[in-house]
Amino acid sequence: MKKLLLSVSLFAGTMMPLSACGGVGTVEPVDDRPIIHFDAASIISAARDHHLKMLTLSSIPRDDVNVPGAIEELQAMRADNDTYLAELKGLQHEDSSADEYKDLVFEYLEVENVYINQTIENVYAESISLPNRFSMDTLYSRTNAKVSEFRYEPK
């Protein structure tokens, strides 16, 4: 009986100081990633969708270059990019790494628009060749790899 009373009092004695100092409460994690003021995840998601559509377009065997709906789809992708570019233009961040990331996303969107414009020109010219995707794919990979290094907070 004494052992039971002793264990209960020891347990109560250790729990009271813990509850008094908030040791039992929840702890909120601190997110110390640099803050960006644009939704990079949405931009990267749209870029992934654009990639899939462009890969599909480039994989279609074409004797006739006029793939139904291709021009309209490419123009819609360019319009998406133009919207994102307008959002990013002039946007400033407190952290230099966030500004560098914004510049990388901006550069990617510009390169993708150049690719889209060249593809549209080739379709209109009835050329079955497509522009080189290397620089666009490289920028996409770099942009996608860094998205998790930042925390999005709207301005």
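In what follows, the accompanying structure is described. Because the structure is a prediction, the values reported are computed rather than measured.

1. Section: the overall build of the protein chain
Looking only at helices and strands, one finds 5 helices and 2 strands in the protein chain. Of the regular secondary structure in the protein chain, the N- to C-terminal order runs α-β-α-α-α-α-β. Across the 155 residues that make up the protein chain, the buried fraction comes to 32%. Long-range pairs, those at least 24 residues apart, make up 80% of the contacts in the protein chain with a sequence separation of at least 6. Per element, the accessible surface of the protein chain, about 10,000 Å² overall, is 58% carbon and sulfur.

2. Observations concerning helix H5 (residues 134-146)
With 13 residues, H5 extends 19 Å from end C-alpha to end C-alpha; this agrees with the ideal 18 Å at 1.5 Å per step. Here the buried face of H5 lies against helix H2 (40-59) and helix H4 (96-124).

3. A look at the nonpolar core
Core analysis: the largest hydrophobic core is formed by 33 residues, its most contacted members being Phe 38, Leu 88, Tyr 101 and Leu 109. Mapped onto this core, the elements with two or more residues apiece are H2, helix H3 (70-88), H4 and H5. With 11 residues, the top contributor of residues to this core is H4.

4. What about the side chain of Asp 99?
With respect to the element layout, Asp 99 can be found in helix H4. The buried charged residue Asp 99 lacks any salt bridge, with Lys 102 as its nearest oppositely charged partner at 4.3 Å. One polar contact links Asp 99 to His 93, side chain to side chain, over a distance of 3.0 Å. When near neighbours in sequence (up to four residues on either side) are disregarded, Asp 99 contacts Leu 91, Gln 92 and His 93.

5. Some thoughts on the packing of H2 against H3
Helix packing geometry: the angle between the two helix axes and the distance between the axes. One way to put it is that H2 packs onto H3 with a least axis distance of 11 Å and a crossing angle of 160°. Looking at the two axes, H2 sits roughly antiparallel to H3. Judged by the twist between their axes, the crossing of H2 over H3 is left-handed. Contacts between H2 and H3 pair Ser 42, Ile 43, Ala 46, His 50, Lys 53, Met 54 and Leu 57 from the former with Ala 70, Glu 73, Leu 74, Met 77, Asp 80, Asn 81, Tyr 84 and Leu 88 from the latter. Considering only residue class, the contact of H2 with H3 consists of 9 nonpolar, 3 polar and 3 charged.

6. Concerning the packing of aromatic side chains
All chains considered together, the criterion is met by 3 aromatic pairs. Their ring planes at 20° and their centres at 4.8 Å tell us that Tyr 101 and Phe 150 sit as a pair that is stacked. Linking Tyr 101 in helix H4 with Phe 150 in the loop between H5 and strand S2 (151-152), this pair joins segments that are 49 residues apart in sequence. Pair check on accessibility: Tyr 101 and Phe 150 agree, each one buried. On the basis of an interplanar angle of 55° and a centroid distance of 6.0 Å, the ring pair of Tyr 108 and Tyr 140 is categorised as tilted. Linking Tyr 108 in helix H4 with Tyr 140 in helix H5, this pair joins segments that are 32 residues apart in sequence.

7. Here we look at the pattern of salt bridges
As enumerated under the stated definition, the model contains 6 salt bridges in all. Arg 133 is the partner of Asp 137 in a salt bridge, and the nearest nitrogen-oxygen pair spans 3.1 Å. The exposure class of Arg 133 is buried, given its relative accessible area of 13%. Connected through salt bridges with shared partners, the residues Asp 31, Arg 33, Arg 151 and Glu 153 form a single ionic network.

Calculation notes
Residues numbered from 1 in each chain as written. Predicted model: local features only at pLDDT ≥ 70, side-chain atom pairs only at ≥ 80, totals over all residues. Heavy atoms only, no water. Helix = DSSP H or I, 4+ residues; strand = E, 2+ residues; numbered from the N terminus. Buried < 20%, exposed > 50% of the residue type's maximum accessible area, 1.4 Å probe, protein only. Contact = heavy atoms within 4.5 Å. Areas by Shrake-Rupley, 256 points an atom, 1.4 Å probe, with all protein chains shown as cover. Expected span 1.5 Å × (residues − 1). Core = buried A, V, L, I, M, F, W, Y, C linked by side-chain atoms within 4.5 Å. Lys, Arg positive; Asp, Glu negative; His and termini not counted. Salt bridge = Lys/Arg side-chain N within 4 Å of Asp/Glu carboxyl O. Polar contact = N/O pair within 3.5 Å; in protein donor to acceptor, adjacent residues only side chain to side chain. Axes fitted to C-alpha atoms, helices over the stretch in contact; angles between N-to-C directions. Parallel < 35°, antiparallel > 145°, perpendicular 65-115°, else oblique. Left-handed = near helix turned anticlockwise from the far one by under 90°. Nonpolar A, V, L, I, M, F, W, Y, C, P; charged D, E, K, R; others polar. Phe/Tyr/Trp six-rings, centres within 6.5 Å; stacked < 30°, edge-to-face > 60°.

What is shown is where atoms sit, not what they do.
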